[in-house]
Each structure stands twice: as structure tokens, then as C-alpha cells.
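Understanding the architecture of this molecule
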Amino acid sequence: LPIGDAWALKAVALSPDGRLLAVQRKKADWQETDKVDVYRVADGSLLDTVRGEGAVFSLDGRYLATLFDGLRLYPVAELGQGWEKRLPKSTLPWCGDANERCGLVFSPDGTLAAVVRAGQVDVYRVEDRKLVRQVSGWEADQYALPQVQFGVDGGQMVITTPALYDGQGNVRVKAQAILVDIASGEWVSKSEVEEGFAYWDGEQVGTFTWKAEGEMVPYRTKWMHPRMLISNKGEVKL
């Protein structure tokens, strides 16, 4: 399938149960309205087309998120009716413009959603779109998003801020793993880490890193965006 260039969320997303595939439609020209096509994997048939750019499924499979005048959460159970007749009644705030990147991360149980910006993470309750926590305070690079991972029970999250580099490609500020208690908003801990992921396993902050084969200019690694998922059973998948 031809895909478009999703500048905020992923251009292609597979539902957790493997039944649906959401694909950012390739634009015929710049005036075409942003659309995401949702296909049935079993037979390749088109199930629905929704408004938005980029796609992310919640980990519990209940919602498909796209970016259009805000982060829209489409109930997966209602797909098939067409976006013209069924638009979400409420959305998460707008993020991502010409000068700002953004991301969206769901908690393992699907009840919380984190809107990720370079210098700020907003946590919302998915059911009523209510803001429950806002976290900021680290030195940020507007072109590099922090990685956000919820703990298994959703009570904590780890924000891994990317390393910052000077004009010569040398590390100016090391990457940091910040463990946050969502209910209070307090930083439980902060530690320097190598470039990679940090996650909370319920007892401690775990980390792992990756290295490219061969030589690579250090400051270019900030454009690498692998994804990690933590299941309700605590399983970690890269």
C-alpha cells in the first residue's frame, strides 16, 4: 500500500489484535484533506476512512488516534460508519505544527494517554479526556522528543530525555531517565542514562541501549525512534 508522510504520529499502525491496519493516505496534492484508511488484515478490504494524519492504536485496542485539529480518538468498535457521519465529540489538545513535533503514548490498560512534546508531557484520562497531570522542567531540544513509558499499573511513568549536543557533535547534556509519580506529579528519581529507553518494572528503573553497526556521527542518533511496548504482564517488546 502506498503511504503518506506522517510528521507527527506513525504513518502505519497495526491494531493490538492484528485485525486492522491503519495507513496514512498518500496525498495526491497538498490541497487534499488528511485521511487515514483502515483495512481489514484478513482480506485486505477497506473498513473505514477517518480524518487525520498519522495513526496510533491504544494498547487495549479500543481507540485509533489520529492528528486533525487536535488528537482525535476514534472508537475502534464504531469504525465502518465513515468519518463524515461520525466525528469524535471531544479531542485531546492540538500538538505538532511547523515548529513542533509531538507524540502519543497510551498506558498498558488504555485508560491514560500521554501527549508528548519536547519540553512537556501532558497525561489525560482517555474516558473523559480530562487532564490529570502535566510534567515539565528538563532542558529540551525542540526537534527531539523524549521517550515516555508508563509503568505496568499506570501509576508511574518514565520520561527519557534525549542527550543534547553542541555544534561539534559533542554531548552537552546527557540523556536522563525521570521517574514520575502521576498522582502527585513528583519526580521520584532522576538519573543519567545512555541513549535508549528507560522503563519502570514496579520496583526499579530499567534501561537498555542500542548501537548502530559501523561508524555514525553521534548527534545523528537523535533521529532514531525505535518503539517499546510494555504489556499488562510486564513483558517488554522493542
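Residue numbers restart at each chain and count upward from 1, following the sequence in its written direction. For this predicted model, a pLDDT threshold of at least 70 governs which residues receive local features, and a threshold of 80 or more governs which side-chain atom pairs are given and counted, while totals over whole chains, interfaces and linings are taken from all residues. Side-chain figures throughout are based on the complete set of non-hydrogen atoms in the structure, without hydrogens or water.

1. Observations concerning the sheet that holds strand β18 (residues 187-192)
- One requirement defines pairing of two strands: DSSP has to find at least two bridges between them. Helix and strand labels come from DSSP, where a helix needs a run of H or I of at least four residues and a strand needs a run of E of at least two; each type is numbered from the N terminus. If you trace the four strands from one edge of the open sheet to the other, you get β13-β14-β17-β18, paired in antiparallel fashion. With partners counted over all chains shown, the strands left at the sheet margins are β13 (147-150) and β18, one partner each. Looking at each pair of strands side by side, their axes are set apart by 15° on average, direction ignored.
- Looking at chain direction, strand β17 (residues 176-181) and β18 are connected through five bridges and run antiparallel. Bridged to I178 within β18 is K190. Comment: axis = line fitted to C-alpha atoms, over the contacting stretch for helices; angle = value between 0 and 180 degrees taken between N-to-C directions.

2. A short note on the environment of R51
- Mapped onto the fold, R51 is located in strand β4 (residues 46-51).
- With 15 residues separating them in the primary sequence, R51 and T66 have C-alpha atoms 7.3 Å apart.

3. Describing the packing of aromatic side chains
- When the centres of two rings from Phe, Tyr and Trp lie within 6.5 Å, Trp using its six-membered ring, the rings pair. Their planes under 30 degrees apart give stacked, over 60 give edge-to-face, and anything left gives tilted. Under the defined criterion, the tally for this structure stands at one aromatic pair.
- Here W138 and W187 contribute two aromatic rings whose centre-to-centre distance is 6.5 Å and whose plane-to-plane angle is 35°, an arrangement assigned as tilted. Remark: W187 occurs in strand β18 and W138 occurs in the loop between β12 (130-136) and β13; sequence separation between them is 49 residues.
- For every residue, the accessible area obtained with a 1.4 Å probe (protein chains only) is divided by the maximum for its type, and the residue is called buried under 20%, exposed over 50%, and partly exposed between those limits. Under the relative-accessibility criterion, W138 is labelled buried at 10%.

4. Looking at the sheet that holds strand β11 (residues 120-125)
- Strand order in the open sheet formed by four strands is β9-β10-β11-β12, and the pairing between neighbours is antiparallel. Across the chains shown, the open sheet's two edge strands, defined by having one partner strand only, are β9 (103-106) and β12. Within the sheet, the average angular offset between the axes of one strand and its neighbour, ignoring direction, is 20°.
- The pairing of β11 with β12 spans six bridges and is classified as antiparallel. Following the sheet pairing, V121 is matched in β12 by V135.

5. What to know about the side chain of S107
- Among the secondary structure elements, S107 is positioned in the loop between β9 and β10 (112-117).
- N or O atoms closer than or at 3.5 Å make up a polar contact, with two conditions inside protein: a donor-capable atom paired with an acceptor-capable one, and, for residues adjacent in sequence, both atoms drawn from side chains. Side chain to side chain, S107 and D109 meet in a polar contact 2.7 Å long.
- In contact with S107, not counting residues within four places along its chain, are L59, L112 and F150. In what follows, a contact means two residues having at least one pair of non-hydrogen atoms within 4.5 Å.

6. Section: the nonpolar core
- Counting residues in each nonpolar core, the largest one holds 16 residues, and the members touching the most others are L71, L73, L92, L104 and F106.
- Of all the secondary-structure elements, those providing two or more residues to this core are β6 (63-67), β7 (71-75), β9 and β10.
- The element that contributes the greatest number of residues to this core is β6, accounting for three residues.
- Of all hydrophobic cores here, the second largest spans 15 residues; its members include L112, V123, F150 and I182. Nine residue types can take part in a nonpolar core, namely buried Ala, Val, Leu, Ile, Met, Phe, Trp, Tyr and Cys, and a core is a set of them joined through side-chain atoms within 4.5 Å.

7. A few points about the pattern of salt bridges
- We count a salt bridge whenever a side-chain nitrogen from Lys or Arg sits within 4 Å of a carboxyl oxygen from Asp or Glu. This model, assessed by the stated rule, comprises six salt bridges.
- R25 is the salt-bridge partner of D37, the closest N and O atoms lying 2.8 Å from each other. A residue pair is termed long-range when its members are at least 10 positions apart, and D37 in strand β3 (residues 35-40) and R25 in the loop between β2 (20-24) and β3 qualify at 12 residues.
- Exposure remark for D37: the relative accessible area of 8% places this residue in the buried category.
- Given a relative accessible area of 27%, R25 falls into the partly exposed group.

8. Some thoughts on the confidence of the model for the chain
- Note on scores: pLDDT gives the predictor's confidence for each residue, bounded by 0 and 100. Per-residue confidence for the chain averages 81 on the pLDDT scale, and 79% of its residues sit at or above 70.
- Per-element mean pLDDT across the chain ranges from 66 in strand β21 (residues 229-230) up to 95 in β2.
- Across residues 216-224 the pLDDT falls below 50, and counting only partners more than four positions away or on other chains, this stretch makes 11 contacts in the model.

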